[in-house]
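# A structural walkthrough
Here are the chains, one letter per residue:
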Amino acid sequence: MVVKDNLQKISATLPTGIQLVAVTKTKSPEQIMEAYNAGHRVFGESKAQELLPKYEVLPKDIRWHMVGHLQTNKVKYIAPFIAMIHSVDSLKLLKVINKEGIKNDRDIPCLLQIHIAEESTKFGLDADECVHLLESEDLRNMQHVDIRGLMGMATYTEDTEKVRREFRQLKTFFETIRNRFFPGKESFKELSMGMSDDYFLGIEEGSTMVRIGSAIFGDR
Ligand SMILES: *Cc1c(COP(=O)(O)O)cnc(C)c1O
């Protein structure tokens, strides 16, 4: 019952209104069911090819979030059911998501992933690229993508002040983007920031969604 205990401990520290996405990559359906049986319904995976077999065998009232880098050729597999894609990092990807949204007759909730970390290996748009994407004429014709906010991953470091600064920057950028491109759109409100090691900082800096794996399911 370790998973259940971990979930309860973490949930108890989250302010109300903060969405907990339990990240299940590398974890088995049996392990995921421990969280499910404890009442949790929102799960995240970072690879489409790992998500699909889990989607197939697990209960259909799970709301699956894609949190990792998504290749355009994988969108079609998850488009029918995905609750949110956190990792949108190009106009090209957004176009494919829109196309699959049309095919499936649904609007697909998306977050734009912003590059805030020092490491060049982390995916995401930089601030200029994000603005450029949102200014694009093409975007106005995409009726089946529903952009709900931003996502970012901080540098992997012990330096909590650095992590805090990166999260704070993202929050500021989020406000700028909301005011400029989404005034009056109430559902543009999500800021996905914070993982097992830094979610408490994310929350202090204005996160609305945390993506937590190892602190719930153990190390990978
Ligand atoms: C793996 C992963 C997480 C969860 O990481 P933990 O450190 O295990 O909490 C969160 N977000 C993304 C994008 C991930 O790939």
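Residues numbered from 1 in each chain as written. Predicted model: local features only at pLDDT ≥ 70, side-chain atom pairs only at ≥ 80, totals over all residues. Heavy atoms only, no water.

### Notes on the site of the ligand
Cut-off, in case you're wondering: Note on terminology: near, applied to a residue and a molecule or strand, indicates that one of the residue's heavy atoms is within 4 Å of it. Just so you know the grouping, Ala, Val, Leu, Ile, Met, Phe, Trp, Tyr, Cys and Pro go in nonpolar, Asp, Glu, Lys and Arg go in charged, and all remaining residues, Gly too, go in polar.
Around the ligand sit Val 23, Lys 25, Ser 46, Val 67, Met 153, Met 195, Ser 196, Arg 211, Ile 212, Gly 213, Ser 214 and Arg 220, and that is every residue in its neighbourhood. Looking at the shell around the ligand, its residues break down into 5 nonpolar, 4 polar and 3 charged.

### A look at the side chain of Ser 196
Formally: Here a helix means four or more residues in a row that DSSP labels H or I, a strand means two or more in a row labelled E, and each is numbered from the N terminus. For this analysis, a polar contact is any N or O atom pair within 3.5 Å, provided that within protein one partner can donate a hydrogen and the other can accept it, and provided that sequence-adjacent residues contribute only side-chain to side-chain pairs. Note on contacts: a residue pair is in contact if any heavy atoms of the two residues lie within 4.5 Å.
Its location among the elements puts Ser 196 in the loop between strand S7 (190-192) and helix H9 (199-204). Reaching out from Ser 196, the side chain makes a polar contact with the side chain of Ser 214 at a distance of 3.3 Å. From its side chain, Ser 196 meets the backbone nitrogen of Ala 215 in a polar contact 3.0 Å long. Among all residues touching Ser 196, those that are not within four sequence positions of it are Arg 211, Ile 212, Gly 213, Ser 214 and Ala 215.

### So, the pairing of strand S5 (residues 108-115)
Cut-off, in case you're wondering: Burial classes follow relative accessibility: with a 1.4 Å probe on protein chains only, a residue under 20% of its type's maximum area counts as buried, one over 50% as exposed, and anything between as partly exposed. Strand pairing follows a simple DSSP-based rule, namely that at least 2 bridges must link the two strands. Here a crossover is taken to be right-handed if, once the strands point away from the viewer, the path from the first strand over the helix to the second is traced clockwise.
Counting buried positions over the 8 residues of S5 gives 7, a clear majority of the element. With 2 bridges connecting them, strand S4 (residues 84-88) and S5 associate as parallel partners. Bridged to Val 88 within S5 is Leu 112. Crossover handedness for the path S4 to helix H5 (residues 91-103) to S5: right-handed. With 8 bridges connecting them, S5 and strand S6 (residues 145-153) associate as parallel partners. Of the residues in S6, the one forming a bridge with Cys 110 is Ile 147.

### Focus on helix H3 (residues 48-57)
The α-helix winds at 3.6 residues per turn, so residues separated by three or four positions along the chain end up facing the same way. The test is simple: Throughout, the arc means that of the directions going from the helix axis to the C-beta atoms.
Looking at H3, one finds that the buried residues are Ala 48, Leu 51 and Lys 54. Buried residues along H3 cover an arc of 130 degrees about the axis, so they all sit on one side. For H3, the exposed residues lying more than 90 degrees away from the buried face are Glu 56 and Val 57. The secondary structure elements touched by the buried residues of H3 are helix H2 (29-37), strand S2 (42-45), strand S3 (63-66) and helix H4 (75-78).

### Comments concerning the packing of helix H6 (residues 127-135) against helix H8 (residues 160-181)
Selection criterion: Axis lines are fitted to C-alpha atoms, over the contacting stretch for helices. Their N-to-C directions set the angle, which ranges from 0 to 180 degrees. Note on angle classes: values under 35 degrees are labelled roughly parallel, values over 145 roughly antiparallel, values of 65 to 115 roughly perpendicular, and the remainder oblique. A crossing counts as left-handed when the near helix is turned anticlockwise from the far one by less than a right angle, and as right-handed when that turn is clockwise.
The geometry of H6 relative to H8 is characterised by a closest axis approach of 12 Å and an angle of 20 degrees between their N-to-C directions. Classified by the angle between their axes, H6 and H8 sit roughly parallel to one another. At the point where H6 passes H8, the crossing takes the right-handed sense. Residues Ala 127, Cys 130, Val 131, Leu 134 and Glu 135 of H6 lie in contact with H8, whose contacting residues are Phe 173, Ile 177, Arg 180 and Phe 181.

### Examining the environment of Gly 152
With respect to the helices and strands, Gly 152 occurs in strand S6. Under the relative-accessibility criterion, Gly 152 is labelled buried at 0%. For the pair Gly 152 and Lys 171, spaced 19 residues apart in sequence, the C-alpha to C-alpha distance is 9.8 Å. When residues no more than four places from it in sequence are discounted, the contact partners of Gly 152 are Ile 114, Ile 116, Phe 167, Leu 170, Ser 192, Met 193 and Arg 211.

### Considering H2
When H2 is considered as a whole, its buried residues turn out to be Ile 32, Ala 35 and Tyr 36. Each buried residue of H2 lies within a common arc of 105 degrees when the element is viewed along its axis, so the set occupies one face. Structural note: H2 exposes Glu 30 and Asn 37 on the side pointing more than 90 degrees away from its buried face. Buried residues belonging to H2 abut helix H1 (2-13), S2, H3, S3 and helix H10 (214-217). Of the residues flanking the end of H2, it is Gly 39, one or two places downstream, whose phi is positive at about 105 degrees.

### Comments concerning the state of the cysteines
Disulfides are covalent bonds that link the sulfur atoms of two cysteine residues. What counts is decided by this rule: A pair of sulfur atoms, both from cysteines and within 2.5 Å, is called a disulfide here.
Counted by the stated rule, this structure contains 0 disulfides. Not part of a disulfide, Cys 110 finds its nearest cysteine sulfur in Cys 130, a span of 13 Å. Take Cys 110: its relative accessible area is 0%, and that puts it in the buried class. Using a relative accessible area of 0% as the deciding quantity, one classes Cys 130 as buried.

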